[in-house]
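# A closer look at the structure
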Amino acid sequence: MNKVLFSKTNYANTLNQKCRNFSNCTTGGVAVEFALILPLFLFVLLAVIETGYIALSNIVVDGAVSTASREIRTGIVQQSPNPLGRFRGTLCQQVNIVVDCGRVLIDVQNFATFPDPTTIPAPAAANNFNPGTADQITLVRVRHTWNYLTPFLQQLIGPGGREHISSAIFRVEPFLQN
């Protein structure tokens, strides 16, 4: 029993033998099976990769909304000469990694008290930016549409793609107003 079962040489020999058997097969059964399975395998592989990329983009946008909302919460955005530009700049600095910032819509509203979630209107079709002042409640929503790259997934979802909304709601901290 001096034979080693799992040595590199034994594995390489087995792999070489399997490749020779595949290339020497004259019936064509293996090639037909390969041709039948390959498209399905590629579709599943691409669907998994794209789904993972969508999840990554949502996580990145959520983090960017949290970071940009922090500047509204502390009053930095309200005190800048161009509040929307400041907010968009902070947001786009992080979002441009995975999402085209030109396709991102920003909806920022303020309220006197925390609103009932059922009464909050849907996000506007264009940018809406009203960050409010100290001690007001501010709702930040950022929308982007994802168009699938895998054709079959795009047909399942529809021609308009899938809309993702990241949001944050908070009370603006008291800050010194200019």
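Refer to the structure printed above.
### With respect to helix α2 (residues 29-73)
One turn of the α-helix equals 3.6 residues, which is why residues spaced by three or four share an orientation. Between its terminal C-alpha atoms α2 stretches 66 Å, which fits the 66 Å expected from 45 residues at 1.5 Å a residue. For α2, the complete set of buried residues consists of A47, E50, I54, S57, V61, A64, V65, A68, S69, E71 and I72. In the segment just after α2, G75 is the residue with positive phi, at about 90°.

### Digging into the side chain of D107
Mapping D107 onto the fold places it in strand β1 (residues 105-111). Side-chain polar atoms of D107 contact the side chain of Q109, separated by 3.0 Å. Here R141 takes part through its side chain, which lies 2.7 Å from a polar atom of the side chain of D107. Not counting chain neighbours up to four residues away, the residues in contact with D107 comprise P123, A124, N128, L139, V140 and R141.

### A closer look at the nonpolar core
Core analysis: the biggest nonpolar cluster contains 21 residues, and I72, F87, L91 and V140 have the highest contact counts within it. Elements with a contribution of two residues or more to this core: α2, α4 (83-95), β1, β3 (137-146) and β4 (162-171). Examining the composition of this core, we find that 5 residues originate from one element, α2, more than from any other. Residues in contact with F87, not counting those within four places in the same chain, are A68, S69, I72, V77, I106, F129 and V140. A47, I54, Y148 and L153 belong to the second-largest nonpolar core, a separate cluster that totals 5 residues.

### What to know about the packing of aromatic side chains
The description of two aromatic rings rests on the distance between their centres and on the angle between their planes. Applying the stated criterion to the full structure yields 2 aromatic pairs. An angle of 50° between the planes, with centres 5.4 Å apart, marks the rings of Y53 and W146 as tilted. Taken together, the positions of Y53 in helix α2 and W146 in strand β3 put the pair 93 residues apart, joining distant regions of the chain. Where F87 meets F129, the ring centres are 5.6 Å apart and the plane angle is 45°; that geometry is what we call tilted. Of this pair, F87 sits in helix α4 while F129 sits in strand β2 (residues 128-129), placing them 42 residues apart in sequence. Take F87 and F129: they sit in the same class, and that class is buried. When the ring centre of F170 is taken as origin, the NZ or CZ atom of R73, which lies over that ring, is 4.7 Å away.

Reading the values: the criteria
Residues numbered from 1 in each chain as written. Predicted model: local features only at pLDDT ≥ 70, side-chain atom pairs only at ≥ 80, totals over all residues. Heavy atoms only, no water. Helix = DSSP H or I, 4+ residues; strand = E, 2+ residues; numbered from the N terminus. Expected span 1.5 Å × (residues − 1). Buried < 20%, exposed > 50% of the residue type's maximum accessible area, 1.4 Å probe, protein only. Polar contact = N/O pair within 3.5 Å; in protein donor to acceptor, adjacent residues only side chain to side chain. Contact = heavy atoms within 4.5 Å. Core = buried A, V, L, I, M, F, W, Y, C linked by side-chain atoms within 4.5 Å. Phe/Tyr/Trp six-rings, centres within 6.5 Å; stacked < 30°, edge-to-face > 60°. Lys NZ or Arg CZ within 6 Å of the ring centre and 35° of its normal.

The analysis is restricted to geometry; functional conclusions fall outside its scope.
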